[in-house]
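# Architecture and fold: a report
The chain contents come next:
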Amino acid sequence: MSEQIIYLDGEYVPESAAKVSVFDHGLLYGDGIFEGIRMYDNKIFKCKEHIDRLFAGAKVIMLDIPMTKTEMEEMLVTICRKNNLSNGYIRLVVTRGKGDLGLSPTKCKTATVFCIAADITLYPQQMYEDGMPIVTASQRRNKATIIDPQLKSLNYLNNILAKIEANHAGVLEALMLTHDGIVAECTGDNIFIIKDSVIYTPPIHVGILDGITRNTVIKLARELGYTVVEKEFTQYNLYTADECFLTGTAAEVIAVTSVDKRVIGNGICGDVTRKLLQAFKEHTKVDGVPF
């Protein structure tokens with residue numbers, strides 16, 4: 001079996017030859033940004049939105065990406081073709097680049113850019129039919145005044161610590177609260193609840209990622225005639241919701257059927273969640289950059 005082809009700093013190389021320096025600040029300090037992007041039926045889904053978010057993150061951390069947005073889109077198309085993929089997942093990473101053992105980013109002369117295109121399965125397919133249990137982590141979400149979760153940086157230790165709690169509890173995902181006990185998001189997904197046919201999701205300002213799938217689902221829900229409210233809520237509202245679901249690039253749309261052993265609604269994937277999942281699947285067929 002031939003090796004995967006990886007994009008690395010202007011070249012397309014076999015996986016075994018894709019190497020970065022041990023002095024790269026992305027490795028030493030988590031100094032960099034990334035995007036996870038899906039491809040469906042030979043189309044890169046929400047390609048522009050992902051590239052725009054990557055460049056926005058680069059601006060925030062004052063990182064100069066050595067490519068234009070157009071060049072990056074062309075690279076994403078090429079990496080999919082070179083790996084002969086029609087469906088899958090793209091991981092696009094930009095680090096500060098090679099420096100020294102000091103913290104100062106000024107020693108990093110050129111950013112490192114690499115991209116992986118591969119298959120992905122985040123949750124078992126049966127969970128999209130039956131829903132999934134989650135738990136609330138004791139690890140609180142980073143405050144936006146410290147490291148804003150809108151910044152999709154390489155420093156994911158906050159999320160990983162919560163994911164460890166999920167692993168120890170025997171579930172695949174954990175809910176994270178703010179320091180004030182407000183529902184924020186899960187370790188890798190945004191969260192929604194449904195009560196009396198109204199859809200609620202935490203607002204960006206509580207400290208969550210401004211998810212591209214989240215925004216897509218909000219738009220689709222409104223087009224289907226549902227009221228969607230971005231509003232703060234607590235575990236009480238979550239436990240007593242009629243339905244709950246998560247959204248994310250890798251997760252897509254998946255029902256949550258219990259939280260901290262409290263059954264949500266009827267304990268099955270609800271009608272609204274099912275309709276939104278179907279609408280999302282239909283949307284992936286018509287949105288995207290073809291390759």
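Up top is the structure.
This one's a predicted model, so the numbers in the text were calculated from it and none came from an experiment.

## Structural notes on a nonpolar patch on the surface
On the surface, Val22, Phe23, Leu27, Leu28, Tyr29, Leu101 and Leu103 cluster together into a nonpolar patch covering about 700 Å² of accessible area. Mapped onto the secondary structure, tyrosine 29 falls in helix α1 (residues 25-29).

## A few points about the packing of helix α2 (residues 47-60) against helix α3 (residues 69-82)
Remark: α2 packs on α3, axes separated minimally by 11 Å, with the N-to-C direction vectors making an angle of 125°. Classified by the angle between their axes, α2 and α3 sit oblique to one another. The chirality of how α2 crosses α3 is right-handed. Here α2 contributes Cys47, Ile51, Asp52, Leu54 and Phe55 to the contact with α3, which in turn contributes Lys69, Met72, Glu73 and Leu76. Residue composition of the contact of α2 with α3, grouped by class: six nonpolar, no polar and three charged.

## Some details on the nonpolar core
Grouped together as the largest cluster of nonpolar side chains are 40 residues, with contacts concentrated most on Met132, Leu175, Ile199 and Ile254. Here the element with the most residues in this core is helix α8 (residues 271-284); it accounts for five residues. Judged by nonpolar contacts, the second largest core, of 31 residues, contains Tyr7, Ala58, Leu85 and Cys115.

## Things to note about the sheet that holds strand β3 (residues 32-40)
Pairing between the strands of a sheet comes from backbone hydrogen bonds, and it takes one of two forms, parallel or antiparallel. Reading across the sheet, the seven strands line up as β2-β1-β6-β5-β3-β4-β16 and stay open at both edges, with antiparallel pairing between neighbours. Edge positions in the open sheet fall to β2 (11-14) and β16 (289-290), since each of these has one partner strand only. As defined by bridge partners, strand β1 (residues 5-8) adjoins strand β6 (residues 112-118) across two bridges and the pair is classed as antiparallel. Each residue of the ladder has a partner; that of tyrosine 7, found in β6, is cysteine 115.

## Thoughts on the side chain of threonine 257
Assignment of secondary structure puts threonine 257 in strand β14 (residues 252-259). According to the relative accessible area criterion, threonine 257 is buried, its value standing at 10%. Leave out the neighbours within four places in its chain, and threonine 257 touches Asp130, Gly131, Met132, Pro133, Arg262, Val263, Ile264, Gly267, Ile268 and Cys269.

## So, α8
When the terminal C-alpha atoms of α8 are compared, their 20 Å separation across 14 residues agrees well with the 20 Å that a helix rising 1.5 Å per residue should span. Of all the positions in α8, only Val272, Thr273, Leu276, Leu277, Ala279, Phe280, His283 and Thr284 are classed as buried. Down the axis of α8, the buried side of the element spans an arc of 165°, and every buried residue falls inside it.

## Observations concerning the pattern of salt bridges
Any two side chains of opposite charge can pair if their charged atoms end up close together. In this structure the tally under the stated criterion is 15 salt bridges. Aspartate 31 is paired through a salt bridge with arginine 96; the nearest N and O atoms lie 2.9 Å apart. Of this pair, aspartate 31 sits in the loop between α1 and β3 while arginine 96 sits in the loop between β5 (88-95) and β6; the two residues are 65 residues apart in sequence, bridging distant segments of the chain. Look at arginine 96 and you get buried, because its relative accessible area is 10%. Among the charged side chains, a network of salt bridges with common partners joins Lys48, Asp52 and Lys69.

## Observations regarding the pairing of strand β11 (residues 198-201)
The alternating pattern of β11 places Ile199 and Thr201 on a buried face and Val198 and Tyr200 on a face that is not buried. By the bridge criterion, three bridges tie strand β10 (residues 190-195) to β11 in an arrangement that is antiparallel. Each bridged residue has a counterpart across the sheet, and for lysine 195 the counterpart in β11 is valine 198. Counted between consecutive antiparallel strands, the loop separating β10 from β11 contains two residues, among which aspartate 196 sits at a positive phi close to 50°. In this fold, the crossover linking β11 to strand β12 (residues 227-230) by way of helix α6 (residues 212-223) has right-handed handedness.

## Describing α3
If you check α3, its first and last C-alpha atoms are 20 Å apart, about what 14 residues at 1.5 Å a residue would give, namely 20 Å. Listing the buried residues of α3 in full gives Met72, Met75, Leu76, Val77, Ile79 and Cys80. Residue asparagine 84 follows α3 closely and has a positive phi angle near 55°.

What counts as what
- Residues numbered from 1 in each chain as written.
- Predicted model: local features only at pLDDT ≥ 70, side-chain atom pairs only at ≥ 80, totals over all residues.
- Heavy atoms only, no water.
- Patch = residues over 30% accessible without salt bridge, like charges linked within 9 Å, V, L, I, M, F, W, Y side chains within 5 Å.
- Areas by Shrake-Rupley, 256 points an atom, 1.4 Å probe, with all protein chains shown as cover.
- Salt bridge = Lys/Arg side-chain N within 4 Å of Asp/Glu carboxyl O.
- Helix = DSSP H or I, 4+ residues; strand = E, 2+ residues; numbered from the N terminus.
- Axes fitted to C-alpha atoms, helices over the stretch in contact; angles between N-to-C directions.
- Parallel < 35°, antiparallel > 145°, perpendicular 65-115°, else oblique.
- Left-handed = near helix turned anticlockwise from the far one by under 90°.
- Contact = heavy atoms within 4.5 Å.
- Nonpolar A, V, L, I, M, F, W, Y, C, P; charged D, E, K, R; others polar.
- Core = buried A, V, L, I, M, F, W, Y, C linked by side-chain atoms within 4.5 Å.
- Buried < 20%, exposed > 50% of the residue type's maximum accessible area, 1.4 Å probe, protein only.
- Pairing = 2+ DSSP bridges.
- Expected span 1.5 Å × (residues − 1).
- Arc of directions from axis to C-beta.
- Right-handed = clockwise from strand over helix to strand, strands pointing away.

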